[in-house]
Amino acid sequence: EAQVTQNPRYLITVTGKKLTVTCSQNMNHEYMSWYRQDPGLGLRQIYYSMNVEVTDKGDVPEGYKVSRKEKRNFPLILESPSPNQTSLYFCASSLSGAAGGGYEQYFGPGTRLTVT
Amino acid sequence: GDSVTQMEGPVTLSEEAFLTINCTYTATGYPSLFWYVQYPGEGLQLLLKATKADDKGSNKGFEATYRKETTSFHLEKGSVQVSDSAVYFCALSERRDDKIIFGKGTRLHILP
């Protein structure tokens, strides 16, 4: 089954404790992206990747890191989480980059992160 | 910069009512436009899209037409069902880069 998986689905942590949220897709998609969803703010793009070893900042990259060492995986790293990073996070992938193609994005089920 | 503005929710309608959710955008080029839907507890999924002016996207009884002259992509459905209750997001992707911009979402609640 074609899908995007994220782990963990729920995470409660404390300020400053490094964490990683994993994302994996089995569709051989080139483009992958991370979003956060907050009430009243909708979805905001954190980082995206056009392909292996190619990553770019979205609209809200501060406090986050990503890497793309393999085509299928795109982990999101919070090196020193803070309470303002409490949010619902979504990973997504698409066949190719957004530019010019209008490709559909496939979303993972979400990771609810709470930082105390 | 690019932006997407959609009507504030929540929107509450009775079953079989006509639905319109407004979406307008600001973009420097010729973006592709999307509507995504998020059912409770799930990720987003594509509802419909349009990639050029005057295109009409349609799916599951929903429609939206890409209007370049009014920079709009309003979502419509002739007769809503309780199962349409969800959050709807309008989004655009520009051709000059690979960022994707979402609106803030509109929560729709359909009463039986």
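Details of the structure are given in the entry above.
Residues numbered from 1 in each chain as written. Chains lettered and ligands numbered in written order. Predicted model: local features only at pLDDT ≥ 70, side-chain atom pairs only at ≥ 80, totals over all residues. Heavy atoms only, no water.

### Quick word on the state of the cysteines
On inspection of all chains with the given rule, the structure shows 2 disulfides over all chains. For Cys23(A), the disulfide goes to Cys91(A), at an S-S distance of 1.8 Å. Every disulfide takes its handedness from the sign of the S-S torsion; for Cys23(A) and Cys91(A) that torsion is -70 degrees, giving left-handed. With Cys23(A) in strand 3 (residues 19-25) and Cys91(A) in strand 9 (residues 87-94), the pair connects residues that are 68 residues apart, well separated along the chain. Among the residues examined, Cys23(A) registers a relative accessible area of 2% and is labelled buried. The partner cysteine of Cys23(B) in its disulfide is Cys90(B), sulfur to sulfur 1.9 Å. Looking along the S-S bond of the Cys23(B)-Cys90(B) disulfide, the torsion reads about -70 degrees, which is the left-handed sense. Taken together, the positions of Cys23(B) in strand 4 (residues 23-26) and Cys90(B) in strand 10 (residues 86-93) put the pair 67 residues apart, joining distant regions of the chain. (Disulfide = S-S within 2.5 Å. Helix = DSSP H or I, 4+ residues; strand = E, 2+ residues; numbered from the N terminus. Buried < 20%, exposed > 50% of the residue type's maximum accessible area, 1.4 Å probe, protein only.)

### Here's the deal with the nonpolar core
Residues and elements named next belong to chain B. In this structure, Trp 35, Leu 47, Leu 48, Phe 73, Leu 75 and Tyr 88 are the most contacted members of the largest nonpolar core, which totals 27 residues. At the level of elements, strand 2 (11-14), strand 3 (19-21), strand 4, strand 5 (32-38), strand 6 (44-50), strand 8 (62-65), strand 10 and strand 12 (106-111) are the ones that each hand at least two residues to this core. The greatest single-element share of this core, amounting to 4 residues, is contributed by strand 10. Among all residues touching Leu 75, those that are not within four sequence positions of it are Leu 19, Thr 20, Ile 21, Trp 35, Leu 47, Leu 48, Phe 62, Glu 63, Ala 64 and Tyr 88. (Core = buried A, V, L, I, M, F, W, Y, C linked by side-chain atoms within 4.5 Å. Contact = heavy atoms within 4.5 Å.)

### Quick notes on the sheet that holds strand 9 (residues 75-77) of chain B
All names here are of chain B. Strands sit in the order 3-9-8-7 across an open sheet of 4 strands; the sheet is antiparallel. Only two strands of the sheet have a single partner each, and these edge strands are strand 3 and strand 7 (56-59). Ignoring strand direction, the axes of neighbouring strands in this sheet form an average angle of 15 degrees. Pairing between strand 3 and strand 9: 3 bridges, direction antiparallel. Bridge assignment links Thr 20 to a residue of strand 9, and that residue is Glu 76. (Pairing = 2+ DSSP bridges. Axes fitted to C-alpha atoms, helices over the stretch in contact; angles between N-to-C directions.)

### Some words on the pattern of salt bridges
Residue and element names in this part refer to chain A. Under the defined criterion, the tally for this structure stands at 7 salt bridges over all chains. Its salt-bridge partner being Lys 18, residue Glu 79 comes within 4.0 Å of it at the nearest N-O pair. Of this pair, Glu 79 sits in the loop between strand 8 (76-78) and strand 9 while Lys 18 sits in the loop between strand 2 (10-13) and strand 3, and the two are 61 residues apart along the sequence. Note that Arg 44 and Asp 38 form a salt bridge whose closest N and O atoms lie 2.9 Å from each other. In this structure Arg 44 comes out as partly exposed when scored by relative accessible area, which is 24%. Take Asp 38: its relative accessible area is 11%, and that puts it in the buried class. (Salt bridge = Lys/Arg side-chain N within 4 Å of Asp/Glu carboxyl O.)

### A closer look at the sheet that holds strand 8 of chain A
The strands that make up a sheet are held in pairs by hydrogen bonds between backbone atoms, and each pair lies either parallel or antiparallel. Residue and element names in this part refer to chain A. The strand order 1-3-8-7 describes an open sheet built from 4 strands, whose pairing is antiparallel. In this open sheet, the two strands that pair with only one neighbour each are strand 1 (4-7) and strand 7 (65-66). Sheet analysis places strand 1 next to strand 3, joined by 4 bridges and oriented antiparallel. In the sheet register, Asn 7 faces strand 3, and the bridge partner there is Thr 22.

### What about the layout of surface pockets?
Estimated volume of the largest pocket: approximately 930 Å³. Along the wall of the largest pocket there are 47 residues; nearest its centre are Gln37(A), Asp38(A), Gly42(A), Phe89(B) and Lys104(B). Going through the elements one at a time, strand 4 (31-38), strand 5 (42-51), strand 9 and strand 11 (111-115) of chain A together with strand 1 (3-6), strand 10, strand 11 (100-102) and strand 12 of chain B are the ones with two or more residues in the lining of the largest pocket. Per-class residue counts for the lining of the largest pocket are 20 nonpolar, 17 polar and 10 charged. Lining the second largest pocket are 17 residues, with Ala2(A), Val4(A), Tyr106(A), Phe107(A) and Leu44(B) sitting closest to its centre. The dominant element in the lining of the second largest pocket, judged by the number of residues it contributes, is strand 6 of chain B, at 3 residues. Here the residues of the lining of the second largest pocket are counted per class, giving 8 nonpolar, 6 polar and 3 charged. (1 Å grid on protein atoms, 1.4 Å probe; cavity = no way out; pocket = protein on both sides within 12 Å on 5 of 7 lines; lining within 4 Å. Points joined across faces, edges and corners; volume = space filled by probe spheres on them. Nonpolar A, V, L, I, M, F, W, Y, C, P; charged D, E, K, R; others polar.)

Scope: geometric values only; no functional claims are made or implied.
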